[in-house]
Amino acid sequence: SSKILANSLKNNGDYERNIGWIKKELHRDLIIHKIFSKIEDREMEKIFNTISNEEVIEKINEYGHIDKPSIIAKKLIFDKNIIKVYPTLFKLIFR
């Protein structure tokens, strides 16, 4: 965001508009963090064991990005391997 700010100042751009995507991504990251912070180690291990297969790993390698985790979340949300852990995730989210 510092590069965006510098560029906005230099070019008389609209900083708030230019960082809109960053705000959205941070909001999504916070939601993901809140969900995963509720999960205990043994539950997390169960989830990873269920989804650890070549197909999921390939999608993570192709679409995963440390600064934009919502991209991979969108790609995996309907993956048949991820759907298997929905009951566990829902139970954890709403406890």
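Up top is the structure.
Residues numbered from 1 in each chain as written. Predicted model: local features only at pLDDT ≥ 70, side-chain atom pairs only at ≥ 80, totals over all residues. Heavy atoms only, no water.

### Points about the packing of helix α5 (residues 54–63) against helix α6 (residues 69–76)
Here comes step 1: Their axes nearest at 9 Å, the elements α5 and α6 cross at an angle of 145 degrees. When the axes of α5 and α6 are compared, the crossing they make is right-handed. Residue-level inspection shows Val56, Lys59, Ile60 and Tyr63 of α5 in contact with α6, the latter providing Ile71, Ile72, Lys75 and Leu76.
Here comes step 2: Grouping the constituent residues of the contact of α5 with α6 by class yields six nonpolar, no polar and two charged. (Axes fitted to C-alpha atoms, helices over the stretch in contact; angles between N-to-C directions. Helix = DSSP H or I, 4+ residues; strand = E, 2+ residues; numbered from the N terminus. Left-handed = near helix turned anticlockwise from the far one by under 90°. Contact = heavy atoms within 4.5 Å. Nonpolar A, V, L, I, M, F, W, Y, C, P; charged D, E, K, R; others polar.)

### Considerations on the side chain of Asp79
Here comes step 1: Residue position: Asp79 is located in the loop between α6 and α7 (80–83).
Here comes step 2: Beyond its immediate chain neighbours, meaning those up to four positions away, Asp79 contacts Glu55, Val56 and Lys59.

### Points about the pattern of salt bridges
Here comes step 1: Overall, the coordinates contain four salt bridges when judged by the stated rule.
Here comes step 2: Two residues, Glu40 and Arg42, come together in a salt bridge whose shortest N-O distance is 3.5 Å.
Here comes step 3: Assessed through its relative accessible area of 38%, Glu40 is described here as partly exposed. (Salt bridge = Lys/Arg side-chain N within 4 Å of Asp/Glu carboxyl O. Buried < 20%, exposed > 50% of the residue type's maximum accessible area, 1.4 Å probe, protein only.)

### Comments concerning the environment of Glu40
Here comes step 1: Considering the arrangement of structural elements, one finds Glu40 in the loop between α3 (20–37) and α4 (41–51).
Here comes step 2: On a C-alpha basis, the gap between Glu40 and Leu92 in space is 9.3 Å, while along the polypeptide they are 52 residues apart.

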